[in-house]
Amino acid sequence: MYIYSDRLYRKDEIELDDSSKQIIFTTLGNESIIEWLKNHHFPESFIEDITNEDQSITFEQSENFKLVILKYFLKDPEDELLYIEENIIIIMAGEKLIFLARDEKTVKNVVNRLFKRYRPTDSMEYIMYSIIDVIVDETMHIVDMIDDRLEEIEDRIFDESLDEKEVQKNLYFARRSLNRISKVSIQHNDAVNKIINHFPLVIRKKLKYEFIDLKEHLSFLINESKSYLDRTGYLQTLLMGFLSNRMNQAMQRLAAISLIFLPLTFIVGNYGMNFKYMPELGWKYGYLLVWALNITIAWLIFKWLKKKKWI
């Protein structure tokens, strides 16, 4: 568990003091936090929302609490371009702000990013904005990373040592991740609009430009993720075209080889017929003549195919 007050503390157990300002970061498995929420009349429907893994992005408000549920993207071990989302919860109640996540790694990452921006004099609304901004910035970093990887994939498509299965898998996972990021960013944008509208007028004016910047970042994510999603489709088409062209070249070489041996097969087939009277059978150099004829024909066809760039 992490707590911000005058500075950042890390403790296994923290007593929540109702009379002091506390910003707490912990996992959903922390029973003491859930118990504290229940004891302070945290709505039962909110408890169900924060414990439900399938809960969608939302903003809810009661008399004493503000609840925000957002999505945070984590890298899936199956592939470096596959990201899965998990719920994160932000609860604001007076002088308390509680951040909850299922994965401890998520908690540590957000705490470390917020540490660079936190000031003890910051308002709870500004801290909520800062946490959301950290999450959006992290998603922007993921999109930039996917963009870099797509450029690498584009270069690899024209490499002779191309592993098409690996590239197809990377593109498939990139599409899944970008599609998720696009949908989540749209939902985040809606949630941010609700958060702004439920802040007091004084806070809205004070944080006007911060939330304008946040919405611009979300618009960037929506547009860029859709743009890169189209790019993955283009790369898949490019890959299929390249593989088709490579297969056509292989078939062309096979056809060229067949073309070389076709007249030779015809000549050999003639001399394989069982006729008693064949003039060439009585020639002393008949056998060598047939070999010379075959080699000459094969060489002439080979040179012609070389000129046509079939082989």
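Scroll up for the structure.
Cut-offs applied
Residues numbered from 1 in each chain as written. Predicted model: local features only at pLDDT ≥ 70, side-chain atom pairs only at ≥ 80, totals over all residues. Heavy atoms only, no water. Patch = residues over 30% accessible without salt bridge, like charges linked within 9 Å, V, L, I, M, F, W, Y side chains within 5 Å. Areas by Shrake-Rupley, 256 points an atom, 1.4 Å probe, with all protein chains shown as cover. Salt bridge = Lys/Arg side-chain N within 4 Å of Asp/Glu carboxyl O. Helix = DSSP H or I, 4+ residues; strand = E, 2+ residues; numbered from the N terminus. Contact = heavy atoms within 4.5 Å. Phe/Tyr/Trp six-rings, centres within 6.5 Å; stacked < 30°, edge-to-face > 60°. Buried < 20%, exposed > 50% of the residue type's maximum accessible area, 1.4 Å probe, protein only.

**Observations concerning a nonpolar patch on the surface**
Taken together, Met247, Met251, Leu254, Ile257 and Phe261 make up a surface patch of nonpolar side chains, about 550 Å² in accessible area. Residue placement: methionine 251 occurs in helix α7 (residues 208–271).

**Here's the deal with unusual backbone geometry**
At histidine 41, a position not held by glycine, the phi torsion is positive, near 65°. Here histidine 41 lies in the loop between α1 (31–39) and α2 (44–51).

**Some thoughts on the side chain of aspartate 147**
Relative to the helices and strands, aspartate 147 is located in helix α4 (residues 124–156). Those residues in contact with aspartate 147 that lie beyond four places of it in its chain are Tyr228 and Arg231.

**Here's the deal with the packing of aromatic side chains**
Within the structure shown, the criterion is met by seven aromatic pairs. Centroid distance phenylalanine 25 to phenylalanine 99: 5.2 Å. Interplanar angle 35°. Geometry classified as tilted. Taken together, the residues phenylalanine 25 in strand β3 (residues 22–27) and phenylalanine 99 in strand β7 (residues 96–101) connect sequence positions 74 residues apart. Judged by relative accessible area, phenylalanine 99 falls into the buried class, the value being 0%. Consider the rings of tyrosine 172 and phenylalanine 173, whose centres lie 5.4 Å apart with planes at 55°: the pair is tilted. Taking relative accessible area as the criterion, tyrosine 172 reaches 45% and is therefore assigned partly exposed.

**Regarding the environment of histidine 141**
Of note, histidine 141 is situated in helix α4. When the C-alpha positions of histidine 141 and leucine 221 are compared, they lie 10.0 Å apart, and in sequence the two are 80 residues distant.

**Some words on the environment of valine 167**
Here valine 167 is to be found in helix α5 (residues 164–198). Linking valine 167 and leucine 235, residues 68 residues apart in sequence, is a C-alpha distance of 9.6 Å. If we ignore the near neighbours within four places in the chain, the residues touching valine 167 are Ile153, Arg156, Ile157, Leu162 and Leu239.

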